[in-house]
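Each chain is listed here by its residues.
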Amino acid sequence: MKYELQPTLPPPANMIGVIGWLRKNLFNGPVNSIATIVVGYFLISFLVPTIQWIFIDADWVGDSRDACTSGGACWVFIANRLDQFLYGFYPEAEHWRVQIAFIILIGSIIWLVLPKTPKKGIVAALLLVAYPVVAFILLYGNSFGLPQVETHLWGGLTLTLVLAVVGIVASLPLGIVLALGRQSEMPIVRSVCVTFIEIWRGVPLITVLFMASVMLPLFFPEGMSFDKLLRALIGITLFQSAYMAEVIRGGLQAIPKGQYEAADALGLGYWQKMILIIMPQALKLMIPGIVNTFIALFKDTSLVLIIGLFDVLAIGQAANQDPKWIGYSTESYLFVALLFWVFCFSMSRYSQHLEKALNTGHGNRA
Amino acid sequence: MSHSQATDKMMVELRNLNKWYGEFHVLKNINLEVKQGEKIVICGPSGSGKSTMIRCINHLEEHQKGDIIVNDIPLNEDIKNIEAIRKEVGMVFQHFNLFPHLTVLENCVLAPIWVKKMPRKEAEAQAMELLERVKIPDQALKYPGQLSGGQQQRVAIARSLCMNPDVMLFDEPTSALDPEMIKEVLDVMIELATEGMTMLCVTHEMGFAKTVADRVIFMDGGQIVEENEPHEFFNNPQHERTQLFLSQILQH
Amino acid sequence: MSSDMSSSGHKPDGSAKEKAPPVSQPKFWNDPKKRSLLFQVLLLSVLGFVFYTIIDNTLTNLEQRGITTGFDFLTREAGFGIAMSLIDYTEASSYGMTFIVGLLNTILIAVMGIIAATILGFILGVARLSDNWLVAKFSALYIEIFRNIPLLLQIFFWYYAVLRTLPQPRQSIEFLGSFINNRGFIFPAPVPEEGFGLVTVGFFAAIAASWLIARWAKKRQELTGQQFPVALTTIGLVIGVPLVLFLFSGMPLGLDHPELKGFNFKGGITVIPELIALWLALSIYTAAFIAETVRAGILAVSHGQTEAATALGMSKAKTLRLIVIPQALRVVIPPLTSQYLNLTKNSSLATAIGYPDLVNVFAGTTLNQTGQAIEVISMTMAVYLALSLMTSFFMNWYNARIQLSER
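Residues numbered from 1 in each chain as written. Chains lettered and ligands numbered in written order. Predicted model: local features only at pLDDT ≥ 70, side-chain atom pairs only at ≥ 80, totals over all residues. Heavy atoms only, no water.

- As recorded by an unreviewed UniProt entry, chain C carries the name Amino acid ABC transporter permease and is attributed to Amphritea opalescens.
- Checking UniProt for chain C, the heading Sequence similarities (unreviewed entry) contains the comment "Belongs to the binding-protein-dependent transport system permease family. HisMQ subfamily." (UniProt positions renumbered as here; feature names shortened; annotations may be inferred.)

- In the annotation of an unreviewed UniProt entry, chain A is listed under the name Amino acid ABC transporter permease and assigned to Amphritea opalescens.
- Per UniProt, the comment on chain A under Sequence similarities (unreviewed entry) is "Belongs to the binding-protein-dependent transport system permease family. HisMQ subfamily."

What follows is the structure, given as C-alpha cells:
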C-alpha cells in the first residue's frame, strides 16, 4: 500500500475572510446572534448621539456661554476655566513652577518605564528622595528667590498630583517598616504592626480624613497649628501605608526561603540580607501591586473636597455652581473624568504589562 | 583512591545534639566529631534528619539541646559566635539558592565585600580565580537564570569558597540536577576534596562516597545508625536498616 | 586509606556523657532573645509615651474649649431632622438615635448596592469571556471605563448632572402610577388587606416544600440514580403557590397611590434622589471590579478540567454546574467578599451628596453640633472596623475550610 503525498488545501470559504469572522465571532448560533443584535442596537442608539453631542454638535471656541448655541456640549466652559482645572488658584505668573515640577516628574517616570534606559536605580532613588524636596521648593517657594505660594492656593490637577505623589512616596518607607514588623519574630512588634495595618485598612478613607481634619489638631499642644493640606497628607499617608505594607508583605512572601538561607549561610546580617538580597528582588515583584495601590489612591484623592481642599474634582464642582455657567455640569464631569481616566487607565495597562512580564519572563528561579 | 588528609585538629563537634519540631523529635542525641581535612558523607532515607543535622551546624536550624562547636567556637545564643561560625562554614544547597538579581561575579563578591570587608578589587580577583577553578570564568557576567543547573551549582560552590571557609557543608548538591550535569558538579567536589577541605556532604552519590569519603554515616529516624569507612560500609553493613537502605539504592 | 574511626555500628541511643560544653555567657546585647526583649520594651515605652502625650494634649484642648468628654451626649436631644429614616425619628429624638438611623441607612445602601453590583458584575464577567466578539468587547469597554473613574465623580454625575436636572414635581415624568422628578422616585405603596397573610404563609410553605423535595431528590438519586428537575420545581413552587393563593383569595393587596399636593407628593413611597444616585454609582463602579474577579475565577479553572468533563460525556450545562462553577467559586469568593467590604466602606461617600448615612448624619451633623470629635469619630470608625474584622474572620474561616477539603 502506498500513500500519495497530500496537497495543502485552503480552508472552506465560510471559515475565512470577513464572512468567516462574522460567523465565528458574532453570529455563531441563535443565542449569539440575538446577543449581537441587542448589544449592537444599544451601542448604536447610545453611542451615536453621544458622539454627536460630544464632538459634532459641540461648541469649542468663545468666551461666554453665548457661544454655546448649537445644542451640543459646551467645551467653551472648560476652555475658559482650564487654568483653574490645572492649577487651582495658583497665581498665574507662577504657573511655570508647577510646569517644571510636572515635567521633571513625567520625564523621570518615562525614563523608568522605558525598557532600555540605563541607571534606573539612581533615577528611582532621586525621584523618591530628591524630587519631593525640589518639588516642594518649586511649589511652595519662599526660598531661592521664589515668592511664597500658600498651600490654600494650590488646587486642580496640581493638588491631585501632589496628594497622590506625596501619599505614595511617604507611605513607601512606612509600609516597608510595617511589613517587616508584621513578619518579625518579636510578638509585640508584630502585634503593633498588625493592629496598625488592620485599623487603617478597616475604615473608609473619608473617616480618616475627618479624623485628620477634626481630631489631629486636638492631639497637639495648643498653638501648634497645621496647614489643612498637611493634615490631609498625614491622614492619606497613614491610610496608604497600611495598604502599602500589605503589598510589600506579598512581595516578601514571594521570595523563596532559600534566598534567606543562602544569605544567612554566607554570614550576612539581618539588614544586609534585607537590603542586598531580599528587597531588590521583592521590589521588582511589588511594582505591579504598588502601581495598583497608586491607582486606587489617585482616584481616592478626590475625597479631599469633602474636607474643603480644591482638587480637580472640587474645582469642577465649584465651576458648576458659577451662575454664569449654570447647566453645564455634564461637560465638567466628563472633562474631569477624562483626566482621571487617562492617568488611571495608562497606569493599569502598565501594571498589567509588568505582571505579564513577571509571569512569562525568566523570573525567579532558585 | 583518596588519601586521608585528616589532622588532629577538631573542626566540627556535635555533642548530644537534640532537636524538636514542636512535638516531633527530629534529631536524637547526635554525636559526631569531624577533624580538619576529613570528608564525611551522610546518607539515609528522606526524613531521617540528615539535612537538619548539617543545617544546625551553621545555625540555619536552631537546636534545643546539646552542643555544637565549630573550630573551637561554641554555637550558642551569642550573635557574635553565630556570625563567626558562618564566616568559617560554607554551604551548598540542593536548589543552589543563587541570588537571581545579581550576576555570577556579584554573587561571588557579595559576602567577601559586606561580611569580610574585603576591597572590591581584591574580592573580584579572588572570585575570578575560584570561578576558574570551577571552570566557568567566561560566565562571570551572566545572571544565574541564564546558566544550566550544573553551572549554577558550580557557581554556588565558588560563592561559598570565596569566603575562604574552613568547612564546607553540602546539602544534597546534586539531587536537583539533570543526570548529565551531576558529573561536572561531582568533579568539582572531588577536586575540592583532594585539596584537603573539611567536608560534610549529604548525598546519595555512592560513587562519590567511595572515592573521597573518610567515613560514611547512615542516619535513620533522627539518629546515627551506623558509621564506618566506605569500604566496610558498603561491603559489610552492620545494621539491618543500613542493609535495607543500601539494597534499595544500589539496585539500579 | 581512611581514618581510623573506631565506632562502627553506632548505638542508636548511645549517649556519651562527656566533659561540660565550653559555654561562655554571651554579652547580653549579643544574645538575640535579650536583644529582642529590650527592643520590644523600648517600643512599648515609646508608644506609651506617644499615646500619653496625645491623650494629655487632647484633654487639655477639650477642656479649654469647654467640651466635656464622655458618651453622655448620646442621650441629649438632637434637634435636627433627617431626610430619610427607616425607623421613627423626629427632631426630638436623641443623638444616640441619629447613630442608629445613620447606621441603618448605611446598611440599606450597602445591601442594595451589593445585590445590584453582584448581578451586574457576574453578567459582565461572563460576558467578558463570551465567544461573541461584540459582547466581550462591550463588557471590556464597560469595565475599563468605570473602574478608572473616581467613584465620587460618578456619584456627583448621577446626582447633579442627571437626577437634579429632572423636572420639578409638577412636571414629573409619570408611568404606571409612579413619578420621577428631582425630588426622587415616588411609587405606590402596597397595603396588605385581609387575607394577604395566606399568601405569605403560602410563600413560606413553598420554600419549605422545595427544600424537602431537594432532599428527597438527592436521596433518590443516590439510591436509584434517577434525577429530578429540582431547580425548575423550586421556581414553579415559590412563584406559583403564592400567585395562585393571591388570585384565589381575591387579590387582597391595596395600593396607596401618591398624589401631588401643592409642591410635593403625599402618599406612596419616596426614594430620595441621593439614595438613587449613590446606589447607581456604587453598583456600576463595584460591578466593574466584580466582573474582573469573576473573569479571573473562571479563567482559573484550567481548560483541562472542561476537557476532562467533556471526555467523560457530561453536557455543557452539567460541566458548568458540577465542574467549573464549584472550582471558580472557590477562587472568586475571597476577592468578592473584599469587594463587598469595599462597597460598604465606599458608601460613606454618601456624605458628599447628603445621603443620610452614618458618616453624614453622625460624623457630620452630630459631630458639628456637639463637638464630641473623639467619641463620634471613634464610634464611626469602630462600626467600619467591626464590619471589616467580621469579613476577615469569615474569609479566614472560608479559606481554612477550602484548604481542608482540598487535601
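Text resumes after the structure shown.
Here we look at the overall build of chain A
Here comes step 1: The helix and strand inventory of chain A stands at 14 helices and zero strands.
Here comes step 2: Taking 21 Å as the expected radius of gyration for a compact globule of 366 residues, we find that chain A reaches 27 Å, considerably beyond that expectation.
Here comes step 3: Each principal axis of the C-alpha atoms in chain A carries an extent, and together these give about 95 × 75 × 40 Å.
Here comes step 4: Looking at the 366 residues of chain A, the share that counts as buried comes to 46%.
Here comes step 5: Look at the contacts in chain A between residues 6 or more apart in sequence, and 66% of them connect residues 24 or more apart.
Here comes step 6: Looking at chain A as shown, the accessible area adds up to about 18800 Å², and 70% of this sits on carbon and sulfur atoms.
Here comes step 7: Distance between charge centroids for chain A: 14 Å, based on 23 positive and 21 negative side chains. (Helix = DSSP H or I, 4+ residues; strand = E, 2+ residues; numbered from the N terminus. Rg over C-alpha atoms; globule rule 2.2 N^0.38 Å. Buried < 20%, exposed > 50% of the residue type's maximum accessible area, 1.4 Å probe, protein only. Contact = heavy atoms within 4.5 Å. Areas by Shrake-Rupley, 256 points an atom, 1.4 Å probe, with all protein chains shown as cover. Lys, Arg positive; Asp, Glu negative; His and termini not counted. Charge placed at Lys NZ, Arg CZ, Asp CG, Glu CD.)

Structural notes on the overall build of chain C
Here comes step 1: When you go through chain C residue by residue, the secondary structure sums to 11 helices and eight strands.
Here comes step 2: Over its C-alpha atoms, taken along the principal directions, chain C stretches across nearly 110 × 80 × 45 Å.
Here comes step 3: Sorting the 407 residues of chain C into buried and exposed places 37% on the buried side.
Here comes step 4: Partitioning the intrachain contacts of chain C with sequence separation of at least 6 by distance along the chain shows that 67% fall at a separation of at least 24.
Here comes step 5: About 22900 Å² of surface is accessible on chain C, with carbon and sulfur atoms providing 66% of the total.
Here comes step 6: Each charge class in chain C was averaged separately, 29 positive and 24 negative side chains, and the resulting centres sit 11 Å apart.

Quick notes on the environment of C:Ile325
Residues and elements named next belong to chain C.
Here comes step 1: Along the chain, Ile-325 falls in helix 9 (residues 316-346).
Here comes step 2: Its relative accessible area of 41% is what places Ile-325 among the partly exposed residues.
Here comes step 3: For the pair formed by Ile-325 and Ile-298, sequence separation is 27 residues and the distance between their alpha carbons is 7.7 Å.

A short note on the UniProt feature "transmembrane region" (unreviewed entry) in chain C
All names here are of chain C.
Here comes step 1: As annotated in UniProt, the feature "transmembrane region" (unreviewed entry) corresponds to residues 37-55, 99-127, 139-161, 195-216, 228-248, 268-291 and 376-398 in the numbering used here.
Here comes step 2: Annotated as residues 99-127, this span is 100% helix and 0% strand, and its ends, taken at the C-alpha atoms, are 41 Å apart.
Here comes step 3: End-to-end, the C-alpha atoms of residues 139-161 are 24 Å apart, and along that stretch the chain is 83% helix and 0% strand.

A short note on the sheet that holds strand 2 (residues 178-181) of chain C
Residues and elements named next belong to chain C.
Here comes step 1: Taking strand neighbours across the sheet as the criterion, the four strands line up as 1-2-3-8 in an open arrangement whose pairing is antiparallel. Pairing within the sheet leaves two strands with one partner each, and these edge strands are strand 1 (173-175) and strand 8 (269-271). Sheet twist, expressed as the average angle between the axes of neighbouring strands with direction ignored, equals 15 degrees. (Pairing = 2+ DSSP bridges. Axes fitted to C-alpha atoms, helices over the stretch in contact; angles between N-to-C directions.)

Observations regarding the pattern of salt bridges
Here comes step 1: Enumeration over the complete set of coordinates arrives at 28 salt bridges over all chains.
Here comes step 2: Where B:Glu124 meets B:Arg120, a salt bridge forms, and the shortest distance between an N and an O atom there is 3.4 Å. One end of the pair, B:Glu124, and the other, B:Arg120, are both in helix 4 (residues 120-133), four residues apart, so they sit about a helical turn from each other.
Here comes step 3: Since its relative accessible area comes to 48%, B:Arg120 is described here as partly exposed.
Here comes step 4: The structure contains a network of salt bridges with shared partners spanning A:Arg349, C:Arg128, C:Glu144, C:Arg147, C:Glu292 and C:Arg295. (Salt bridge = Lys/Arg side-chain N within 4 Å of Asp/Glu carboxyl O.)

Quick word on the interface of chain C and chain A
Here comes step 1: Between chain C and chain A, the contact holds 51 residues from the first and 58 residues from the second.
Here comes step 2: The junction of chain C with chain A conceals about 4600 Å² of combined surface from both sides, 72% of it contributed by carbon and sulfur atoms.
Here comes step 3: Across the contact surface, chain C and chain A share one salt bridge.
Here comes step 4: Between C:Glu144 and A:Arg349 there is a salt bridge whose closest N-O contact spans 3.6 Å.
Here comes step 5: Along the contact surface separating chain C from chain A lie 12 residue pairs in polar contact (both at pLDDT 80 or more).
Here comes step 6: Those elements giving two or more residues to the side of chain C that touches chain A turn out to be helix 1 (32-64), helix 3 (133-146), helix 4 (151-162), helix 7 (273-300), helix 10 (358-370) and helix 11 (373-406) of chain C.
Here comes step 7: Of all the elements, helix 1 of chain C adds the most residues to the side of chain C that touches chain A, at 13 residues.
Here comes step 8: Classifying every residue of the side of chain C that touches chain A by side-chain character gives 32 nonpolar, 14 polar and five charged. (Buried area = accessible area lost by both parts, 1.4 Å probe. Polar contact = N/O pair within 3.5 Å; in protein donor to acceptor, adjacent residues only side chain to side chain. Nonpolar A, V, L, I, M, F, W, Y, C, P; charged D, E, K, R; others polar.)

Regarding empty space enclosed by the protein
Here comes step 1: Overall, the coordinates contain three cavities of 30 Å³ or more when judged by the stated rule.
Here comes step 2: Reported here for the largest cavity is a volume of approximately 60 Å³.
Here comes step 3: Lining of the largest cavity is provided by A:Ala262, A:Ala265, A:Leu266, B:Arg86, B:Val89, B:Gly90, B:Met91, B:Phe93, B:Arg159, B:Ser160 and B:Met163.
Here comes step 4: At the level of secondary structure, the elements contributing two or more residues to the lining of the largest cavity comprise helix 11 (257-265) of chain A together with strand 6 (89-92) and helix 5 (149-161) of chain B.
Here comes step 5: When residues of the lining of the largest cavity are assigned to their parent elements, the largest contribution, three residues, is made by strand 6 of chain B.
Here comes step 6: Here the residues of the lining of the largest cavity sort into seven nonpolar, two polar and two charged. (1 Å grid on protein atoms, 1.4 Å probe; cavity = no way out; pocket = protein on both sides within 12 Å on 5 of 7 lines; lining within 4 Å. Points joined across faces, edges and corners; volume = space filled by probe spheres on them.)

With respect to the sheet that holds strand 3 (residues 39-43) of chain B
Residues and elements named next belong to chain B.
Here comes step 1: If you trace the six strands from one edge of the open sheet to the other, you get 6-7-8-3-9-10, paired in mixed fashion. Among the strands making up the open sheet, the edge pair consists of strand 6 and strand 10 (223-228). Strand-to-strand twist of the sheet, defined as the mean angle between neighbouring strand axes without regard to direction, takes the value 20 degrees.
Here comes step 2: With five bridges joining them, strand 7 (residues 167-171) and strand 8 (residues 198-202) adopt parallel strand pairing.

Let's talk about helix 9 of chain C
Here comes step 1: Counted at 1.5 Å a residue, the expected span for helix 9 of chain C with its 31 residues is 45 Å, but the 39 Å between its end C-alpha atoms falls short.
Here comes step 2: The axis of helix 9 of chain C is deflected most strongly, by about 40 degrees, at C:Val324, and proline C:Pro326 appears within four residues downstream. (Expected span 1.5 Å × (residues − 1). Bend = angle between axes of the 7 residues up to and from the residue.)

Here we look at the packing of helix 8 (residues 187-202) of chain A against helix 10 (residues 228-253) of chain A
All names here are of chain A.
Here comes step 1: Following both chains from N to C, one finds helix 8 and helix 10 inclined at 115 degrees, their axes separated by 8 Å at the closest point. When the axis of helix 8 is compared with that of helix 10, the two are roughly perpendicular. Helix-helix and strand crossings are classified by hand; for helix 8 and helix 10 the assignment is left-handed. On helix 10, the residues touching Phe-196, Ile-197, Trp-200 and Arg-201 of helix 8 are Leu-238, Phe-239, Ser-241, Ala-242, Tyr-243, Ala-245 and Glu-246.
Here comes step 2: Along the lines of polarity and charge, the residues of the contact of helix 8 with helix 10 split into eight nonpolar, one polar and two charged. (Parallel < 35°, antiparallel > 145°, perpendicular 65-115°, else oblique. Left-handed = near helix turned anticlockwise from the far one by under 90°.)

A closer look at the environment of B:Ile82
All names here are of chain B.
Here comes step 1: Positionally, Ile-82 belongs in helix 2 (residues 79-88).
Here comes step 2: What makes Ile-82 buried here is its relative accessible area of 11%.
Here comes step 3: Between the C-alpha atoms of Ile-82 and Ile-57, which are 25 residues apart in sequence, the distance is 9.8 Å.
Here comes step 4: If we skip the residues at most four places from it in the chain, Ile-82 touches His-59, Leu-75 and Asn-76.

Notes on the UniProt feature "transmembrane region" (unreviewed entry) in chain A
Here comes step 1: According to UniProt, the feature "transmembrane region" (unreviewed entry) maps to residues 33-56, 96-114, 121-141, 153-181, 202-220, 274-295, 302-319 and 325-346 of chain A in the numbering used here.
Here comes step 2: Regarding residues 153-181 of chain A, the helix share stands at 90% and the strand share at 0%, and the terminal C-alpha atoms are separated by 39 Å.

Quick word on the confidence of the model for chain A
Detailed reading of the predicted model is not advised wherever pLDDT is low.
Residues and elements named next belong to chain A.
Here comes step 1: Per-residue pLDDT for chain A averages 85, and the proportion of residues at 70 or more is 97%.
Here comes step 2: Averaged pLDDT values for the elements of chain A fall to 77 in helix 1 (residues 17-25) and rise to 93 in helix 11.
Here comes step 3: Of the regions scoring below 50 in pLDDT, residues 361-366 engages in 15 contacts with residues more than four places distant in sequence or in other chains. (pLDDT = per-residue confidence, 0-100.)

Quick look at the packing of helix 7 (residues 156-182) of chain A against helix 12 (residues 270-300) of chain A
Geometry of a packed helix pair, given as the angle between the helix axes and the separation of the axes.
Residues and elements named next belong to chain A.
Here comes step 1: Where helix 7 meets helix 12, the axes come as close as 10 Å, and the angle between the chain directions of the two elements is 145 degrees. Two packed elements cross with a definite hand, and for helix 7 against helix 12 that hand is right-handed. Residue-level contacts link Thr-160, Leu-161, Ala-164, Val-165, Gly-167, Ile-168, Leu-172, Ile-176 and Leu-180 of helix 7 to Tyr-270, Trp-271, Met-274, Met-279, Ile-290, Thr-293, Phe-294, Leu-297 and Phe-298 of helix 12.

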